[in-house]
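Remarks on the overall topology
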Amino acid sequence: MPIKTHTYRIYPNKEQREKLTWTLARCCEVYNAALQERRDAWNVCKNHPNYHDAEWRKEHAKEYGVNFYSQSAQLPEIKEIREEYKDIYAQVLRDPLQRVDRTFRAFFNRVKRGETPGYPRFKGKDHHNSFTYSQIDEGHGPSFDGNHRIILPKIGHVKVKL
């Protein structure tokens, strides 16, 4: 089944706008934290005395490796530590992790092709201007109420132009 993407123009009220802005700021925090975790893992690995031993690197890749799945698995624990993240739908928090993962995959592909790679950078608070709900169906993710409104989990009924 093909994957479909729908983009909607929403018209939130003042309270919803503040909640959306707050959510975007938390997404930026998640993106930067995920990027920092990957940088830290890389620095620990490359500074290890056995780093230049290919056999050692192959053997310990999982121990030092950080990927989307390992970072996504940490989200429930993060929600316990940082209570404010409980007010954000889980799919929305996974989106910045997927962005970091795509960024690193693109970085390593550029390295393999011999291009100037441009190491992934931290993003400012104004960089994120959207977030993603990866599924739309009854009971999960956003849904439409039939009155030109979309129901966004943990945000509410927001006017939308279809």
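First, a word on scope: everything that follows refers to the structure included in this document. Source: prediction; values computed, not measured.

What follows deals with unusual backbone geometry. In this model, Lys154 sits at a positive phi of 70°, which is unusual for a non-glycine residue. In this structure, Lys154 sits in the loop between strand 3 (149-152) and strand 4 (156-161). Overall, Lys154 belongs to the partly exposed group, its relative accessible area being 47%.

Let us now look at the pairing of strand 3. Residues Ile150 and Leu152 point to one face of strand 3 and are all buried, whereas Arg149 and Ile151, pointing to the other face, are not buried. Pairing between strand 2 (residues 143-144) and strand 3: two bridges, direction antiparallel. Residue pairing across strands places Phe144 opposite Ile150, the latter belonging to strand 3. Between the antiparallel neighbours strand 2 and strand 3 lie four residues, among them Gly146 with a positive phi of about 90°. Relative to strand 4, strand 3 runs antiparallel, the two sharing four bridges.

Moving on, we come to the side chain of Arg38. The topology assignment puts Arg38 in helix 1 (residues 14-46). Non-local contacts of Arg38, meaning those with residues more than four positions away in its chain, are made with Val66, Asn67, Phe68, Gln71, Val100, Asp101 and Phe104.

Judged by nonpolar contacts, the single largest core of 24 residues is most densely connected at Val92, Leu93, Leu97, Phe131, Tyr133, Leu152 and Ile155. Counting residues per element, the ones that place at least two in this core are helix 1, helix 6 (90-113), strand 3 and strand 4. Here this core takes seven residues from helix 1, the largest share from any one element. Apart from the residues lying within four places of it in its own chain, the contact partners of Leu93 are Val30, Leu75, Lys79, Tyr85 and Ile88.

Here we come to the pairing of strand 4. Sheet analysis places strand 1 (residues 9-11) next to strand 4, joined by three bridges and oriented antiparallel. The residue of strand 4 that forms the bridge with Tyr11 is Lys159. Counted between consecutive antiparallel strands, the loop separating strand 3 from strand 4 contains three residues, among which Lys154 sits at a positive phi close to 70°.

Close approach of charged atoms allows side chains with opposite charge to pair. In the structure shown here, the tally under the stated rule is nine salt bridges. Here Arg26 ties to Glu29 by a salt bridge, and the two come within 3.1 Å at their closest N and O atoms. On the criterion of helical spacing, the pair formed by Arg26 and Glu29 is a turn pair, its members being three residues apart in helix 1. Residue Arg26 is classed as buried on the basis of its relative accessible area of 13%. The exposure class of Glu29 is partly exposed, given its relative accessible area of 29%. Its salt-bridge partner being Arg82, residue Glu29 comes within 3.0 Å of it at the nearest N-O pair. In this pair, Glu29 sits in helix 1 while Arg82 sits in the loop between helix 5 (75-81) and helix 6, placing the two residues 53 residues apart along the sequence. By relative accessible area, which is 33% here, Arg82 ends up partly exposed.

Reading the values: rules and limits
- Residues numbered from 1 in each chain as written.
- Predicted model: local features only at pLDDT ≥ 70, side-chain atom pairs only at ≥ 80, totals over all residues.
- Heavy atoms only, no water.
- Helix = DSSP H or I, 4+ residues; strand = E, 2+ residues; numbered from the N terminus.
- Buried < 20%, exposed > 50% of the residue type's maximum accessible area, 1.4 Å probe, protein only.
- Pairing = 2+ DSSP bridges.
- Contact = heavy atoms within 4.5 Å.
- Core = buried A, V, L, I, M, F, W, Y, C linked by side-chain atoms within 4.5 Å.
- Salt bridge = Lys/Arg side-chain N within 4 Å of Asp/Glu carboxyl O.

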